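Understanding the architecture of this molecule
Residues per chain are reported as follows:
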Amino acid sequence: MHLKKLTLLLLFGSVTGFGQTHLSLREAIDKGVANYGMVKAKGSYAKAAQETVKQSKRDYLPNLNLSAQQDYGTVNGQNGPLYGFGGLGVASSGLPLAEQNWNAAFGALYLVNMNWDFFTFGRMKQRINIAKADAEKQQKDFEQEQFQQKIKIAGAYLNLLASQRLEKSQIKNLDRAQVVLNNAAIRVKNGLLPGVDSTLASAEVSRAKIALNQIREQVKLQNNKLVELLGVEPADYKVDTTFVATVPKAVLTGEMQSDSLNNPVRQFYKSRIALSNNQLSLYKKEYYPTFSFFGVYQARGSGFNSNYATDQTSFSKNYVDGIDPTRQNYLLGIGMTWNLTSIARSSKKVSAQKFISQGLEEEYKAIDLQLKAQEDAANARMDFAMQNYKEAPRQVRAAQQAYLQRTTLYNNGLTNLVDVTQALYTLNRAETDRDIIYTNVWQALLMKAAATGDFNLFINEF
């Protein structure tokens with residue numbers, strides 16, 4: 001029974017890492033891109049911009065208004081000018097009689113109005129182009145946000161991987177220090193070594209424990225950074241460390257893209273310039289007039305009869321008589337409107353937009369230089385990382401041999417504990433350098449992918 005429990009415990013521990021969740025790099029990237037709030041937000045903005053394109057196309061449709069009203073009131077008229085300022089005028093119509101009367105009846109007005117700006121010197125088409133350019137910008141922004149999120153997640157994953165490898169190295173270092181302490185304690189107890197050796201060995205164990213705790217603190221910090229980028233609840237993740245001791249295939253084959261023109265960040269900055277230029281074209285077209293086609297169909301009913309001008313008793317208060325349409329009219333026409341003062345206003349909008357376009361072009365040049373510098377730095381980092389990658393195993397082997405020699409001599413009383421401690425420190429430093437150097441190769445490849453805008457260069461290794 002106890003053996004079965006132990007077997008289940010070991011099996012469970014191997015799967016979960018004793019409270020840790022195993023997470024591959026591809027799983028981390030898929031989860032982070034799907035869950036991260038900023039990526040989801042920009043995806044929604046991109047969809048909204050696509051809907052705006054559809055709406056801008058429908059703006060070219062003519063205006064078609066239906067109107068109906070039924071009223072009750074008097075129809076006293078008066079000679080004199082009238083302007084319906086602010087839409088507050090009353091449209092009562094009747095003869096200007098000699099004196100006021102309060103004869104009232106029902107009336108009705110039914111109206112169909114159509115208005116279509118059929119020729120605007122390309123302004124409507126340009127508004128559609130602006131909507132398309134904005135949709136393209138929002139889509140590029142969404143794509144570059146996805147790209148940058150992938151780079152951030154991969155970087156955080158590699159940082160967590162490096163810290164977890166360093167943790168393993170520090171555990172080994174602590175185990176070695178503990179062995180030295182145990183050996184020293186036995187020899188001191190048997191009077192073969194002075195008591196100070198046991199004290200020094202104990203101090204080295206304490207130092208190793210402190211170093212291990214510091215690394216574990218870094219593991220936790222790096223883990224939380226990855227959790228934040230994943231957009232999930234806090235959890236301790238165990239990352240895949242098997243690939244880090246190998247060289248990326250792209251490095252071995254030399255198949256690394258060197259052209260960053262298609263970098264999503266670069267494309268986003270280009271789309272901003274395109275949107276601004278389209279806006280500039282629209283402002284220039286505002287100099288010109290608008291040609292419109294319009295048509296009106298009207299039906300009107302009234303409770304006042306046609307002879308009401310001569311007989312003020314000839315009207316009906318019946319509701320049905322008042323709302324029945326007895327007169328109909330239609331009107332068709334073509335018109336032109338041209339606000340000449342818009343030329344002066346639009347000229348300043350044009351000049352302002354030109355400066356905006358120039359500013360966006362300067363931002364593009366700045367990001368272009370930044371990406372080129374980043375790519376150059378990535379190439380240099382890869383070269384140095386590969387050189388160090390070749391040296392790291394040699395350093396570790398030499399340090400292991402030195403440590404083995406020192407401990408053997410010490411166990412036979414041929415050297416002192418200071419030499420052993422120095423060899424232990426050298427071996428720990430060599431293993432730490434190796435862990436960092438192995439990770440740096442993959443960090444350099446990630447940096448290259450970030451500069452060129454080709455994330456597949458990195459992720460296809462997994």
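Residues numbered from 1 in each chain as written. Predicted model: local features only at pLDDT ≥ 70, side-chain atom pairs only at ≥ 80, totals over all residues. Heavy atoms only, no water.

**Re the packing of aromatic side chains**
- Under the definition given, this model contains 18 aromatic pairs.
- A centroid spacing of 4.9 Å and a plane angle of 40 degrees characterise the contact between Y389 and Y438, whose relative ring orientation is tilted. Of this pair, Y389 sits in helix 9 (residues 341-411) while Y438 sits in helix 10 (residues 417-452), and the two are 49 residues apart along the sequence.
- On the basis of relative accessibility, which here comes to 14%, the residue Y389 falls in the buried class.
- Seen in terms of ring centroids, F458 and F462 are 5.2 Å apart; in terms of plane orientation they differ by 55 degrees. Their pairing is tilted.
- For F458, a relative accessible area of 0% translates into the label buried.
- An aromatic cluster is present here, built from F243, W442, F455, F458 and F462 joined pairwise through their rings.
- The cationic tip of R176 hangs over the ring face of Y403; the distance from NZ or CZ to the ring centre is 5.9 Å. (Phe/Tyr/Trp six-rings, centres within 6.5 Å; stacked < 30°, edge-to-face > 60°. Helix = DSSP H or I, 4+ residues; strand = E, 2+ residues; numbered from the N terminus. Buried < 20%, exposed > 50% of the residue type's maximum accessible area, 1.4 Å probe, protein only. Lys NZ or Arg CZ within 6 Å of the ring centre and 35° of its normal.)

**Focus on the packing of helix 9 against helix 10**
- Look at helix 9 against helix 10: their axes get within 7 Å of each other, and the N-to-C directions meet at 160 degrees. When the axes of helix 9 and helix 10 are compared, the pair comes out roughly antiparallel. For the crossing formed where helix 9 meets helix 10, the hand is left-handed.
- Partitioned by chemical class, the residues of the contact of helix 9 with helix 10 number 28 nonpolar, 10 polar and 8 charged. (Axes fitted to C-alpha atoms, helices over the stretch in contact; angles between N-to-C directions. Parallel < 35°, antiparallel > 145°, perpendicular 65-115°, else oblique. Left-handed = near helix turned anticlockwise from the far one by under 90°. Nonpolar A, V, L, I, M, F, W, Y, C, P; charged D, E, K, R; others polar.)

**So, the confidence of the model for the protein chain**
- In this model, the protein chain carries an average pLDDT of 84, and 89% of its residues clear a pLDDT of 70 or more.
- Taking the mean pLDDT of every element in the protein chain, the minimum, 39, falls on helix 1 (residues 2-16) and the maximum, 92, on helix 7 (residues 264-285).
- Low pLDDT, under 50, characterises residues 1-17; the predicted model gives this stretch 7 contacts beyond four residues in sequence or across chains. (pLDDT = per-residue confidence, 0-100. Contact = heavy atoms within 4.5 Å.)

**Things to note about the environment of L417**
- As for its position among the elements, L417 is in helix 10.
- Of the residues examined, L417 reaches a relative accessible area of 2% and is grouped as buried.
- The spacing of L417 and D197 is 220 residues in sequence and 6.3 Å in space, taken between C-alpha atoms.
- In contact with L417, not counting residues within four places along its chain, are V180, D197, L200, A201 and Y410.

**A word on a nonpolar patch on the surface**
- Together, Y60, F118, F119, F121, Y288 and I334 make up an exposed nonpolar region whose accessible area comes to about 570 Å².
- For I334, a relative accessible area of 62% corresponds to the exposed category. (Patch = residues over 30% accessible without salt bridge, like charges linked within 9 Å, V, L, I, M, F, W, Y side chains within 5 Å. Areas by Shrake-Rupley, 256 points an atom, 1.4 Å probe, with all protein chains shown as cover. Salt bridge = Lys/Arg side-chain N within 4 Å of Asp/Glu carboxyl O.)

**Focus: the packing of helix 4 (residues 123-189) against helix 10**
- Relative to each other, helix 4 and helix 10 sit at 170 degrees, their axes nearing to 10 Å. Between helix 4 and helix 10, the interaxial angle falls into the category roughly antiparallel.
- Split into classes, the residues belonging to the contact of helix 4 with helix 10 amount to 19 nonpolar, 9 polar and 5 charged.

**A short note on unusual backbone geometry**
- Positive phi values are uncommon outside glycine, yet F121 reaches one of about 55 degrees.
- Residue F121 is classed as partly exposed on the basis of its relative accessible area, which comes to 30%.

**Here we look at the environment of L445**
- Inspection of the secondary structure puts L445 in helix 10.
- In sequence terms L445 and L457 are 12 residues apart; their C-alpha atoms lie 7.9 Å from each other.

**Details of the nonpolar core**
- By size, the foremost hydrophobic cluster in this structure holds 49 residues, and its most contacted members are Y157, L226, W442, F455 and F458.
- The greatest single-element share of this core, amounting to 11 residues, is contributed by helix 4.
- Y157 has contacts with L23, S24, L25, A28, L226, V239, D240 and F243, leaving out every residue within four places of it along the chain.
- By size, the runner-up hydrophobic cluster in this structure holds 19 residues, among which are A201, V205, L212 and L424. (Core = buried A, V, L, I, M, F, W, Y, C linked by side-chain atoms within 4.5 Å.)

**Regarding helix 10**
- Relative to the 52 Å expected for 36 residues at 1.5 Å per residue, helix 10 spans 52 Å between its end C-alpha atoms, a close match to the ideal helical length.
- Remark: G453 follows helix 10 within two positions and exhibits a positive phi of approximately 80 degrees. (Expected span 1.5 Å × (residues − 1).)

**A look at the side chain of K238**
- Here K238 shows up in strand 4 (residues 237-239).
- With residues near it in sequence (within four places) discarded, K238 still touches Q20, T21, H22, L23, Q164 and K168.

**Quick look at the sheet that holds strand 2 (residues 63-74)**
- Sheet architecture is open: 4 strands sit in the order 2-3-5-6, paired in antiparallel fashion. Only two strands of the sheet have a single partner each, and these edge strands are strand 2 and strand 6 (327-337). The mean angle between the axes of side-by-side strands here comes to 15 degrees, regardless of whether they run parallel or antiparallel.
- As paired elements, strand 2 and strand 3 (residues 104-119) share 12 bridges and run antiparallel to each other. Following the sheet pairing, G73 is matched in strand 3 by A105. (Pairing = 2+ DSSP bridges.)

**Looking at helix 3 (residues 37-58)**
- The terminal C-alpha atoms of helix 3 lie 32 Å apart, and with 22 residues this matches the ideal 32 Å at 1.5 Å per residue to within 8%.
- For helix 3, the complete set of buried residues consists of V39, K42, G43, A46, A49, V53 and S56. Projected down its long axis, helix 3 carries its buried residues within an arc of 140 degrees, all on one side. Opposite the buried face of helix 3, by more than 90 degrees, sit the exposed residues K47 and R58. (Arc of directions from axis to C-beta.)

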